[in-house]
Amino acid sequence: MAATLFHVEIKGVKIPVILEQEKRLPLASMELVFQNSGSLADTTPGIAKMSARLLGEGSRKEGAVAFATALENRAVNLHADTGRETFVITLESLKSEFDFGLKKLDELLRDPNETPEAFRRVQTETLGRLKSKESDFDYIAATKLRAILFEGTPLAHPALGTPESVRAMKLSDLTRYLTAHLRLDNLIVVLGGQFDRAEAEAAVRKALAPLERGTVSPIPHFAANGKKRRSVSYEETDQAYIYFGSPYDMEANDTKRVYGKVAAFVLGSSGFGSRLMEEIRVKRGLAYSAYGRLVVNRTHSYFSGYLQTKLESGDEAQKVVADVVREFLANGVTAEELEGAKKFFLGSEPLRTETLAQRMNRAFHEYYDGLGLDWADKELEMIREMKLDDLNAFIKAHPEIGELSWSIVTKKRK
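Residues numbered from 1 in each chain as written. Predicted model: local features only at pLDDT ≥ 70, side-chain atom pairs only at ≥ 80, totals over all residues. Heavy atoms only, no water.

Colleague: Hey, could you run me through the overall build of the protein chain in this one?
Modeller: A count of helices and strands for the protein chain gives 15 helices and 11 strands. Computed over C-alpha atoms, the radius of gyration of the protein chain comes to 23 Å, within 12% of the 22 Å expected from 2.2 N^0.38 for 414 residues, which places it in the range of a compact globule. Taking all 414 residues of the protein chain together, 53% fall into the buried category. Considering only contacts in the protein chain between residues 6 or more positions apart, those separated by 24 or more positions represent 81%. Just so you have it, the protein chain exposes about 19200 Å², and 51% of that area is on carbon and sulfur atoms. (Helix = DSSP H or I, 4+ residues; strand = E, 2+ residues; numbered from the N terminus. Rg over C-alpha atoms; globule rule 2.2 N^0.38 Å. Buried < 20%, exposed > 50% of the residue type's maximum accessible area, 1.4 Å probe, protein only. Contact = heavy atoms within 4.5 Å. Areas by Shrake-Rupley, 256 points an atom, 1.4 Å probe, with all protein chains shown as cover.)

Set out below in structure tokens:
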């Protein structure tokens, strides 16, 4: 059954609720999605992630262990996490345990464990994660690529923060962040399971009772720069980690993004058979894999990709990537490639809607991106009817993808 949209008015705010019904299994799932509250809203690098982890410490009354044990005993999953654009609190359980889960959610929102002890645990764990990232060369290359593409914006700093920013944080900073962002005014609710409309509305009212109104900031948009910059980091590594990216001028609610989806599949996101994989691995044996994709979000869009290769093959691999992208923009795709892409997207559609979580995620993005809850069906029809000339005209209209910047982790040559 397709997702439906309705609104519930709470404290003068009309909250959009997306309901994805599940008839086969006795499941229940709710996501409270706070817009413009992810790492893009960080007042200090990493504060959104730290605040989400603090909610993972349970309520002040029970503490982390007792709170988690109570949930585990009833097979209830309650956790918070952040993306670049959103702060999400998720509640999942069997339908029979959902009321208990709502009760624990209420306790968490009304009295989170904002104690010095909980804060120190979160701070120590985060510093430990950052320490482990010092030898994660993929993380280093990807982080520095974003810093190049989005210099001067919140996207340029790592979502986890830095050791310096995390050490500088105080408990009061996290408390202010949660108070400012967990508000009714910037909230979208996604509900899935064996709910009828009345049950869904009752569950939403119960879940949102602890929340208040607040000030809402407009969702920003950041353009990637096309300055063709380059960052090289020298580490004790046995292979080169090569990340590349460029601008992609596309709005999230533009239906023409479907052309970009097909184009990216041919260029680099389809695994074996993609242009990048064919040229870099199959023909030249430069890398085990090579990948490229077009990212389209409300706040930013860009092209990015990566590969790993031998230290001595790094320069050649970069030249091949640049040549492949240049040729792709000049000549587009072939009729055979378009037909292969159509078969993949149309044939694999059932795999993208197998689980309740998949369907909820799809419905949320259809609404959040401004495309409408029936966008997936429209997109498939557009792919089915797509003409080669139209696709290639779209590709040629986006030469900015060729303005590649590079972030490379390699070993200094003797």
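What follows picks up the thread again.
Colleague: Quick question: what am I supposed to make of the nonpolar core here?
Modeller: Nonpolar side chains in soluble globular proteins generally cluster together in the buried interior. Residues Met30, Leu32, Phe87, Ile89 and Leu208 are the most contacted members of the largest nonpolar core, which totals 56 residues. Contact partners of Leu208, with chain neighbours within four places excluded, come to Ile10, Ile15, Leu32, Leu184, Leu187 and Val189. Ala264, Ile280, Ala287 and Leu294 belong to the second-largest nonpolar core, a separate cluster that totals 46 residues. (Core = buried A, V, L, I, M, F, W, Y, C linked by side-chain atoms within 4.5 Å.)

Colleague: Could you clarify how one ought to interpret the sheet that holds strand S7 (residues 230-234) in this entry?
Modeller: Hydrogen bonds between backbone atoms are what pair the strands of a sheet, whose relative direction is either parallel or antiparallel. Here 5 strands make up an open sheet; going across it, the order is S7-S11-S8-S10-S9 and the pairing mixed. Looking along the sheet, the strands with just one partner apiece sit at the ends: S7 and strand S9 (287-296). The mean inter-strand angle of the sheet, taken between neighbouring strand axes irrespective of direction, is 10°. Pairing of S7 with strand S11 (residues 405-410) involves 5 bridges; the strand directions are parallel. The partner of Ser231 across the bridge, within S11, is Ser407. Packed on one face of the sheet, helix H9 (residues 257-269) meets S9 and strand S10 (301-310) and runs near 170° to S9. (Pairing = 2+ DSSP bridges. Axes fitted to C-alpha atoms, helices over the stretch in contact; angles between N-to-C directions.)

Colleague: Could you clarify how one ought to interpret helix H8 (residues 197-208) in this entry?
Modeller: Taking 1.5 Å as the rise per residue, H8 with 12 residues should run 16 Å; its terminal C-alpha atoms sit 17 Å apart, in good agreement. For H8, the complete set of buried residues consists of Ala200, Ala203, Val204, Ala207 and Leu208. On an axial view of H8, the arc spanned by its buried residues comes to 115°, and they lie on one face. Along its buried surface, H8 packs onto strand S1 (4-10), strand S2 (13-21), strand S3 (27-35), helix H3 (98-110) and strand S6 (187-193). By the N-cap criterion, in which a side-chain oxygen at the helix start approaches the backbone nitrogen of a residue two or three places on, H8 is capped by Asp196, the distance to Ala198 being 3.2 Å. (Expected span 1.5 Å × (residues − 1). Arc of directions from axis to C-beta. Polar contact = N/O pair within 3.5 Å; in protein donor to acceptor, adjacent residues only side chain to side chain.)

Colleague: Explanation requested: the packing of aromatic side chains in the structure shown.
Modeller: Geometry of an aromatic ring pair is reported as the spacing of the ring centres plus the angle between the planes. Enumeration over the complete set of coordinates arrives at 13 aromatic pairs. Between Phe244 and Trp406 the ring centres are 5.6 Å apart and the planes differ by 50°, which places this aromatic pair in the tilted class. Here Trp406 lies in strand S11 and Phe244 lies in strand S8 (residues 239-247), a separation of 162 residues in the sequence. Phe244 sits in the buried class, given a relative accessible area of 1%. (Phe/Tyr/Trp six-rings, centres within 6.5 Å; stacked < 30°, edge-to-face > 60°.)

Colleague: Looking at this model, I keep getting lost on the environment of Ile140. Mind explaining?
Modeller: Among the structural elements, Ile140 can be located in helix H5 (residues 137-149). Given a relative accessible area of 13%, Ile140 falls into the buried group. Linking Ile140 and Leu174, residues 34 residues apart in sequence, is a C-alpha distance of 26 Å.

Colleague: What is the right way to look at unusual backbone geometry in this model?
Modeller: A negative phi holds for most residues other than glycine; trans holds for most peptide bonds. With a phi close to 55°, Lys11 is a non-glycine residue in the positive phi region. The residue Lys11 is located in the loop between S1 and S2 in this model. Owing to a relative accessible area of 39%, Lys11 belongs among the partly exposed residues under this scheme. With phi around 55°, Lys228 is a residue other than glycine that occupies positive phi space.

Colleague: I would appreciate a short explanation of the pattern of salt bridges in the present structure.
Modeller: Within the structure shown, the criterion is met by 37 salt bridges. With its nearest N and O atoms 2.9 Å apart, the salt bridge here joins Glu279 to Lys283. When salt bridges with common partners are traced through the structure, they connect Glu20, Glu22, Arg24 and Arg359 into a single cluster. (Salt bridge = Lys/Arg side-chain N within 4 Å of Asp/Glu carboxyl O.)

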